[in-house]
Amino acid sequence: MKHKVLGKLVGNTGDSAHLTMVVEDSFSVRRGEFVRIMHRERQDEPPVAVLGRVMKIHRSNMLFNSGFGDSVTELELLPGANVTGENLFANVELVGYRDPVSRQIKIPRRPLDPGARVETVDFQFLADFYEFNEHTSLHLGNLIGYERGENTVPVFLDVNKLVTEHMAILAMTGSGKSYTVGRIIERLVAINNGTVVVFDPHGEYGRAMAKGKLQFSPGLEEAEDVRDQKVLPQIKSTIERLQAADAGIQIYSPQHEAFKHKYASKNKQLALQFDRFEMDDISEILPGLTEPQQRVLDVAIRYWRHNDRSEPRDINRLRYFLGDGIEEIREWDDLSEAEAKALNGRSAAVASMKLSRILNEAQSFYSATMKEPTDIYQMIGRPSNRKGRLVVVDLQGLSETAKQVVCGLLSSEILRAASSKTDPLRPCFLVYEEGHSFAPAGGNAVSHRIIKKIAGEGRKFGVGFGIVSQRPSKLDADVTSQCNTLITMRLKNPDDQRFIAKASDMVSKADLDELPSLSTGEALVCGRSIPAPLLVKVGSKALIHGGESPEVLKVWDSFRD
């Protein structure tokens, strides 16, 4: 391909993030497009093509200066005059060049030549620059500006780095973040045969199994992207085969009748074993306990484990020991003096009341009336179980505290099982929707501590996570700083933009300036799973999307007598 000259570099060329080019004409280049500049890094080396991205375009006209006032409307040029008055230049940020030997992307250390030609790039150059292995990568969408037709440039994410090194998707409401999550997780399950667990506060992802049947988007073969036209029907077929093999999409929910109706009884009721959790978890479930109340609860749990030696243990027995059965505990010979003193009726009654409130709100714990407790190995699978699955934990309708309790305790059990030296889980990817509720800044959530632990230690045991939020500034900075893939969509709140700049060194000032103008479904992707920051138009998904806003005018209809 013959590369068209778009303009030339002018001014200081020593700052790779702030290059200036004089543009040939107003149709030569658009904001966000890629350009190339030939450059020789060393005198004895051949020139290489350096890739850059147009970040800003400045256009003004001295003949239409705002200082002229109203008289500018009367301005006319003589026939045949060759004066345009145009002042047109653009700011370019270098992405880098591929080292011919190491194949790494590098930023030039020698300043580019002033006056160097800035040229167009074709899709083949971009595809070669952003080289990927389709067998180990996930197709997120296509490069903006190259998203349709023969010049389509697909953008792939490295699956190993995406899953094990954690991901954050940050965007304001209505920008397409849940849809983006949906595309990623259905491909991890159907194409990569992975295990994904989604903590779903609003029941959005559960719509894929509404009425107990798989729900797919219509017209999969008619998707805009040619790759999707081929792959989406394959994803549908694979999920159907996984479903028939007792994997595919699995719904777990609290023990409410409403969930049975929603999923036509195809959901599995959560029956978490309360006695499996550490005292640190339990103390976080019941914040505000006084020291005597905490001591009473600790003693009651120890006695419950001592007295009911066989598993699974009935949670109602713990309630009994904190109530009418407190006399049994007082006679236990394994009490310390301080514990015996704390076992008065009032402390036990308060601890029992608070515990009962949480248990009633969550409706997710095992009791003797249930067939069996939730089996984490059945939910996630062992390494020998080669069936991909999407586990949706539907928390719709629960209080914030109850959602945090279920999320925190289930995450804790998953990490505990994954870290087993004798019986580990298969690698899994946990997705926390509305992440600012589960891991808020300040740590005021039951689930915060375990998510922070997974962020720091999960990678070693094959437990990765993705956190999704519409209010990044309300997220815990320690959690987001561990996310080595950052997908940012439209964000207009200055506090959220400042948080992203502070929490991640992967986003430049120019990238932040781009965020408010992104359209729905467009994303800035950067991090370890991608060679360099890219603007991506996210592709279509196979499963039906549950996060759409209702068309209120259709629902309202019109009044008829």
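Up top is the structure these notes are about.
Rules used throughout
Residues numbered from 1 in each chain as written. Predicted model: local features only at pLDDT ≥ 70, side-chain atom pairs only at ≥ 80, totals over all residues. Heavy atoms only, no water. Helix = DSSP H or I, 4+ residues; strand = E, 2+ residues; numbered from the N terminus. Buried < 20%, exposed > 50% of the residue type's maximum accessible area, 1.4 Å probe, protein only. Contact = heavy atoms within 4.5 Å. Areas by Shrake-Rupley, 256 points an atom, 1.4 Å probe, with all protein chains shown as cover. Lys, Arg positive; Asp, Glu negative; His and termini not counted. Charge placed at Lys NZ, Arg CZ, Asp CG, Glu CD. Pairing = 2+ DSSP bridges. Patch = residues over 30% accessible without salt bridge, like charges linked within 9 Å, V, L, I, M, F, W, Y side chains within 5 Å. Salt bridge = Lys/Arg side-chain N within 4 Å of Asp/Glu carboxyl O. Phe/Tyr/Trp six-rings, centres within 6.5 Å; stacked < 30°, edge-to-face > 60°. Lys NZ or Arg CZ within 6 Å of the ring centre and 35° of its normal.

Student: Any details on the overall build of the protein? Residues and values, ideally.
Tutor: Of regular secondary structure, the protein possesses 19 helices and 19 strands. Looking at the protein as a whole, 52% of its 561 residues are labelled buried. Taking contacts inside the protein between residues at least 6 apart in sequence as the whole, the part at least 24 apart equals 72%. Approximately 27300 Å² of the protein is accessible, and the part contributed by carbon and sulfur atoms is 48%. Considering the protein, the positive charge centre built from 72 side chains and the negative charge centre built from 75 side chains are found 3 Å apart.

Student: I'd like a description of the pairing of strand E4 (residues 48-61), backed by residues and values.
Tutor: Pairing analysis gives six bridges linking strand E3 (residues 34-39) to E4, with the strands arranged antiparallel. Counterpart to methionine 38 in the pairing with E4 is alanine 49. Pairing of E4 with strand E5 (residues 86-98), which is carried by 10 bridges, proceeds in the antiparallel orientation. Residue serine 60 lies in a different strand from E5, and its bridge partner there is asparagine 87.

Student: Describe a nonpolar patch on the surface, naming the residues involved and giving the relevant values.
Tutor: There is a patch of nonpolar side chains on the surface, built from Val552, Leu553, Val555 and Trp556 and spanning about 490 Å² of accessible area. Summarising the element assignment, valine 555 is placed in helix H19 (residues 552-556). What makes valine 555 exposed here is its relative accessible area of 62%.

Student: Describe the packing of aromatic side chains, listing the residues and the values that go with them.
Tutor: Within this structure, the stated rule accounts for eight aromatic pairs. By the ring-pair criterion, three or more aromatic residues cluster together here, those being Phe199, Tyr432, Phe438 and Phe465. A cation over a ring is seen here: lysine 541 above tyrosine 179, with NZ or CZ 5.8 Å from the ring centre.

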